[in-house]
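# Results of the structural survey
The chain contents come next:
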Amino acid sequence: MSETSLFGILISSMLINNILLIRFIALCSFFGLSTDKKTSFGMGMAVIFVMVMASSASWTIYYFLLIPLKLEFLRTASFILVIATLVQLVEIFLKKVIPGLYKAFGIYLALITTNCAILAVAFLNIDYQYNFIQAIVYSIGTGLGYTLAIILMSGIRERVSLAPVPKSLKGFPIAFFIASLMSLAFLGFKGLFGF
Amino acid sequence: MGQKLECFTDGIWKQNPILVLMIGLCPLLAVSTSAINGLAMGLAASFVLVASNVVVSAVRKFIPNGVRIPIFIIIISTFVTIIDLVMNAYFPPLHHALGVFVPLIVVNCIILGRAEAFAYQNPVFLSLLDGMGMGLGFTLIITLIGAIREFFGNGTVFGSQKLISAPALLMILPPGGFITIAVLMGIFLYYNNSKGKREAKK
């Protein structure tokens, strides 16, 4: 199976090149929100949702607007503006049409605008020269990888918060140690299914 | 004059963006696989931080409160695009090493955070100092982490001769990055805690 097959992209983005533990992207939200399972799950779901929409929007804009007009250098500005606008629109839409879902997302939807992962995936879709379907699969896989990592982290942190941690290491330092061990574990995925 | 100097020095130690405020973590571990990469990223981010702080502060009276975040983003992304193109033109190997993290400077919490918390409410010169201080603090930490990881993981310092014959490859890989920052933060917190205890005893 080649790297560009859809299954390959899914496995690679979710496990082998996990966005949080291997690629180091979106760490602010990872360490800030992974203190309990419920919060983490909510954030993970929101990330998957916004990531897929943002990827499709930015991919379309890049290939149908920026390239024909020879404005590729504007991609940084246009992608981030697309993402910010999209999040705003999604918030308004959910509030009016599916208020239950809006309440479930809570504050995370607004936090996602500065989530590095969304912008990173938009850029990587272009860098890897994926077609539209591949880009969608890549964003789903990355979102799933993010959700997986953040839920695992929250489970561990919940237990560690009850353990006797040295005073200087409480909070962020011990979280980083946990992340390093998780990252070590995820490194073991290299070569999975021959990728 | 004292207040002005404080704006600058705060960013380096007391309010170091990474060790104290704990923002801007995204590029920190990914590009610090060697000292020179860390230094390049630190300088690039500092450039954007200083430039956007100055511009936001200069036009702050004209930015309506409701749309200030999108306007900050436009200003910041302009400078990120500039530094992206400049690096691509004059330092291609560095640009390739930093990869997707150069455009990611746009969502670097430090830059947006300082624009919102400081530049929007303070005059231009103070914002300039604040940007320089924060940028310097960030650059120092990221270069330090890069140097540590490069030394223990590769045996080199800034690309010099191999000083260790059997380096720990783990340090350059992702887990090594997490461990380095964890230890650094732990040392920093320990120093702060013991300083607090000493001052309380006096």
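Here the structure is a predicted model, which is why all the values come from computation and not from measurement.

## Points about the overall build of chain A
Broken down by element type, chain A carries nine helices and zero strands. Helices and strands in chain A line up, N terminus first, as α-α-α-α-α-α-α-α-α. For 195 residues, the compact-globule estimate of 2.2 N^0.38 gives 16 Å, and the C-alpha radius of gyration of chain A, at 18 Å, lies within 12% of that figure. Per-residue burial for chain A yields a buried fraction of 52% across its 195 residues. Contacts in chain A between residues far apart in sequence, at least 24 positions, make up 76% of those at least 6 positions apart.

## Looking at the pattern of salt bridges
All names here are of chain A. For the coordinates displayed, the defined rule picks out three salt bridges over all chains. Between Glu158 and Lys37 there is a salt bridge; the shortest N-O distance is 3.4 Å. Here the residue Glu158 occupies a position in helix H8 (residues 132-160), and Lys37 occupies one in helix H3 (residues 37-66), the gap between them amounting to 121 residues. Of the residues examined, Glu158 reaches a relative accessible area of 28% and is grouped as partly exposed.

## Points about helix H1 (residues 6-16) of chain A
Of the residues making up H1 of chain A, those classed as buried are Gly8, Ile9, Ile11, Ser12, Ser13, Leu15 and Ile16 of chain A. Close packing links the buried residues of H1 of chain A with H8 and helix H9 (172-187) of chain A.

## Concerning a nonpolar patch on the surface
On the surface, Leu181 and Leu184 of chain A together with Leu169, Leu170 and Leu173 of chain B cluster together into a nonpolar patch covering about 440 Å² of accessible area. When you line up the elements, Leu170 of chain B lands in the loop between helix H7 (124-154) and helix H8 (174-201).

## Description of the packing of H3 of chain A against helix H7 (residues 116-127) of chain A
All names here are of chain A. Closest axis-to-axis distance for the H3/H7 pair is 9 Å, and the angle between their directions is 40 degrees. With respect to each other, H3 and H7 are oriented oblique. H7 is crossed by H3, and the crossing has right-handed handedness. Residue-level inspection shows Val47, Val50, Met51, Ala54, Ser55, Ser58, Tyr62 and Tyr63 of H3 in contact with H7, the latter providing Ala117, Ile118, Val121, Ala122, Asn125 and Ile126.

## Details of unusual backbone geometry
Among all residues save glycine, negative phi is the norm, and among peptide bonds the norm is trans. All names here are of chain A. You will see that Phe24, though not glycine, has its phi angle at about 65 degrees, which is positive. By the secondary structure assignment, Phe24 is in the loop between H1 and helix H2 (27-33). For Phe24, a relative accessible area of 4% gives the class buried. One non-glycine residue, Lys70, adopts positive backbone phi at about 55 degrees. Within the secondary structure, Lys70 is located in the loop between H3 and helix H4 (75-97). What makes Lys70 exposed here is its relative accessible area of 66%.

## Side note on the packing of helix H4 (residues 68-90) of chain B against helix H6 (residues 109-119) of chain B
Residues and elements named next belong to chain B. Running from N to C, H4 and H6 cross one another at 130 degrees; their axes reach a closest spacing of 10 Å. Comparing their axes, H6 and H4 come out oblique. Crossing handedness for the pair H4 and H6: right-handed. Of the residues in H6, those touching H4 at Arg68, Ile69, Phe72, Ile73 and Ile76 are Ile111, Leu112, Ala115 and Glu116. The residue inventory of the contact of H4 with H6, partitioned by class, reads seven nonpolar, no polar and two charged.

## Here we look at the confidence of the model for chain B
All names here are of chain B. Taken over all residues, the pLDDT of chain B has a mean of 84, while the share at 70 or more is 97%. Considering each helix and strand of chain B separately, the mean pLDDT is smallest for helix H1 (residues 2-10), with a value of 73, and largest for helix H3 (residues 35-58), with 91. Overall fold confidence for the complex sits at a pTM of 0.82, while the interface term, ipTM, reaches 0.79.

## What about the interface of chain A and chain B?
Taken residue by residue, the interface counts 35 residues in chain A and 35 residues in chain B. For the chain A and chain B pair, buried surface summed over both sides reaches about 3100 Å², with 84% attributable to carbon and sulfur atoms. On inspection of chain A and its partner chain B, the count reaches zero salt bridges. Between the two partners, chain A and chain B, sit zero residue pairs in polar contact (both at pLDDT 80 or more). Elements supplying a minimum of two residues to the side of chain A that touches chain B: H2, H4, H7 and H9 of chain A.

## Observations regarding a positive patch on the surface
Positive charge collects at one region of the surface, where Lys167 and Lys170 of chain A together with Lys197 and Lys201 of chain B lie side by side. With respect to the secondary-structure elements, Lys201 of chain B resides in helix H8.

## Things to note about the nonpolar core
Membership of the largest hydrophobic core comes to 109 residues, with the highest contact counts inside it found for Ile25, Phe30, Phe31, Leu119 and Phe176 of chain A together with Leu104 of chain B. Ranked by residues supplied to this core, first place goes to H7 of chain A with 10 residues. Discounting residues that sit within four places of it in the chain, Phe176 of chain A has contacts with Phe31 of chain A together with Leu25, Leu29, Phe178, Ile181, Ala182 and Met185 of chain B.

## So, the confidence of the model for chain A
Here chain A averages 84 in pLDDT, while 96% of its residues score no lower than 70. Of all secondary-structure elements in chain A, the lowest mean pLDDT belongs to helix H6 (residues 108-111) of chain A, at 71, while H8 of chain A reaches the highest, 91.

Here is what the cut-offs are and how they apply
Residues numbered from 1 in each chain as written. Chains lettered and ligands numbered in written order. Predicted model: local features only at pLDDT ≥ 70, side-chain atom pairs only at ≥ 80, totals over all residues. Heavy atoms only, no water. Helix = DSSP H or I, 4+ residues; strand = E, 2+ residues; numbered from the N terminus. Rg over C-alpha atoms; globule rule 2.2 N^0.38 Å. Buried < 20%, exposed > 50% of the residue type's maximum accessible area, 1.4 Å probe, protein only. Contact = heavy atoms within 4.5 Å. Salt bridge = Lys/Arg side-chain N within 4 Å of Asp/Glu carboxyl O. Patch = residues over 30% accessible without salt bridge, like charges linked within 9 Å, V, L, I, M, F, W, Y side chains within 5 Å. Areas by Shrake-Rupley, 256 points an atom, 1.4 Å probe, with all protein chains shown as cover. Axes fitted to C-alpha atoms, helices over the stretch in contact; angles between N-to-C directions. Parallel < 35°, antiparallel > 145°, perpendicular 65-115°, else oblique. Left-handed = near helix turned anticlockwise from the far one by under 90°. Nonpolar A, V, L, I, M, F, W, Y, C, P; charged D, E, K, R; others polar. pLDDT = per-residue confidence, 0-100. Buried area = accessible area lost by both parts, 1.4 Å probe. Polar contact = N/O pair within 3.5 Å; in protein donor to acceptor, adjacent residues only side chain to side chain. Lys, Arg positive; Asp, Glu negative; His and termini not counted. Charge placed at Lys NZ, Arg CZ, Asp CG, Glu CD. Core = buried A, V, L, I, M, F, W, Y, C linked by side-chain atoms within 4.5 Å.

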